[in-house]
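Topology and contacts: notes
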Amino acid sequence: MALVAASILTAGTSAPIEHPRWAVRVSYDGFSFNHFLDQPNCHPLAYFLNDTAQLNYHHVLIHIRPGKTKDEAAHQTIGEVAGWKILQVTHKIDDGALYLRLLLVERHAGEFCEIYHQEYMGGGRDDPLNPYGVYQEVLPAYLVKVGGETLLAVRDPVSGIGNEFDEEYWSFDKDGPIDLCVYELIRDVAKKLLPEDWNIVKGDGFDVEYLSYTAPVREIRPDVLTGGNIQIQFALKNHRLIVVKQNLTQAK
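Note that this is a predicted model, so its numbers are computed, not measured.

**Observations regarding the overall build of the protein chain**
Secondary structure summary: the protein chain contains 3 helices and 17 strands in total. Burial analysis of the protein chain (252 residues in total) assigns 46% to the buried set. Within the protein chain, contacts between residues separated by at least 24 positions form 51% of all contacts whose residues are at least 6 apart in sequence. Just so you have it, the protein chain exposes about 13100 Å², and 52% of that area is on carbon and sulfur atoms.

**Regarding the environment of Glu209**
With respect to the helices and strands, the residue Glu209 is situated in the loop between β14 (206–207) and β15 (212–221). Taking the relative accessible area as the measure of exposure, Glu209 reaches 57% and is therefore exposed. Taking the C-alpha atoms as reference points, Glu209 and Lys145, separated by 64 residues in sequence, lie 7.6 Å from one another. Those residues within four positions of Glu209 in sequence are excluded, and the remaining contacts are Val144 and Val146.

**Digging into the confidence of the model for the protein chain**
Per-residue confidence for the protein chain gives a mean pLDDT of 83, with 82% of residues at or over 70. The element-level mean pLDDT for the protein chain is lowest in strand β1 (residues 8–14), coming to 50, with strand β9 (residues 142–146) highest at 97. pLDDT under 50 marks residues 1–11. Its contacts with residues more than four places away, or in other chains, come to 26 contacts.

**Overview of the pairing of β9**
Where β9 and strand β10 (residues 149–157) come together, 5 bridges link them in antiparallel fashion. Counted as the bridge partner of Leu143 is Leu152 from β10. The turn linking β9 back onto β10 is made up of 2 residues, and Gly147 within it adopts a positive phi angle of 65°.

**What to know about the sheet that holds strand β11 (residues 165–173)**
On the basis of which strands lie adjacent, the open sheet formed by 4 strands has the order β9-β10-β11-β12 and antiparallel pairing. Two strands close off the open sheet at either side, each with one partner strand: β9 and β12 (176–179). Sheet twist, expressed as the mean angle between neighbouring strand axes with direction ignored, is 35°.

**Regarding the side chain of Glu114**
Along the polypeptide, Glu114 turns up in strand β8 (residues 111–121). At 9.7 Å, Arg101 is the nearest oppositely charged side chain to Glu114, a buried residue that forms no salt bridge. Reaching out from Glu114, the side chain makes a polar contact with the side chain of His117 at a distance of 2.7 Å.

So, how was this worked out
- The written sequence of each chain sets the order in which its residues are numbered from 1.
- Totals for whole chains, interfaces and linings use all residues, but because this is a predicted model, local features are given only for residues with pLDDT of at least 70 and pairs of side-chain atoms are given and counted only at 80 or more.
- As a rule here, side-chain values come from all non-hydrogen atoms in the structure, and water together with hydrogens is ignored.
- A run of H or I in DSSP counts as a helix once it spans at least four residues, and a run of E counts as a strand once it spans at least two, with each numbered from the N terminus.
- Partly exposed describes any residue whose relative accessible area lies between the buried limit of under 20% and the exposed limit of over 50%, with all areas from a 1.4 Å probe on protein chains only and scaled to the type maximum.
- Contacts between residues were defined by any pair of non-hydrogen atoms, one from each residue, lying within 4.5 Å.
- In this description, accessible areas are obtained by the Shrake-Rupley approach with a 1.4 Å probe, and a residue is regarded as covered only by the protein chains that are shown.
- Within a predicted model, pLDDT stands for the predictor's per-residue confidence, ranging from 0 to 100.
- Strands were regarded as paired on the criterion that DSSP finds at least two bridges between them.
- Every axis corresponds to a line fitted to the C-alpha atoms, with the helix fit spanning only the stretch in contact, and the corresponding angles, defined between N-to-C directions, vary from 0 to 180 degrees.
- Only four residue types enter the charge count, namely Lys and Arg as positive and Asp and Glu as negative; His and the chain termini do not.
- The rule for a salt bridge is simple: a side-chain nitrogen of Lys or Arg has to be within 4 Å of a carboxyl oxygen of Asp or Glu.
- Here a polar contact is taken to be a pair of N or O atoms separated by no more than 3.5 Å, where protein atoms must pair a possible hydrogen donor with a possible acceptor and residues adjacent in sequence count only if both atoms sit in side chains.

Here is the structure:
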């Protein structure tokens, strides 16, 4: 193993702010990169519990018909960060043919704004264990302390052997939630560091407690198979995620 790509130290680069603060990040069947609804979606809590047909943003295979489609809705309080109350709303539609998971932040008394919208197909009505779904499991959102900051997190292991996660993180300041754009940053660093035709193979996901990311990378061509590792170190500055160190270790 040889170090053939230099370690790069930066003064700190962060993802560009391309969306309004109260934009909705949308994930459907595990695909969430660069999919936002820039128009804030803010309503009383009852809207997110009862108006399911209006909450089905992506999937067209499951037709939600008000009063006819079976819907099991629930909500729970995730906690409070910097004075902002966070709720999770879930919908199990047609006995698990489709699931919705929403994260809401109370912007004003009685007014909740959606910041995360997740839709995913189930394994079928006759399969309560859902072994063929997109995710191995979908766990409740949670709060995690990183240094002196508390972050909101979702982290769902994706089905298969790739050890991949669909995960997102938010910080909060006095004006509300801030999407940390973790994988947008990782993607941008990988684009700069990796040689042409190299890709990230798999990894253990973003280590939120250490604000770091490590994953194997590989070039695959019919006549060659070489690889290495990419390492990225992040930090939190003004409630936003910045890259402070990035490195490619390449086998030779």
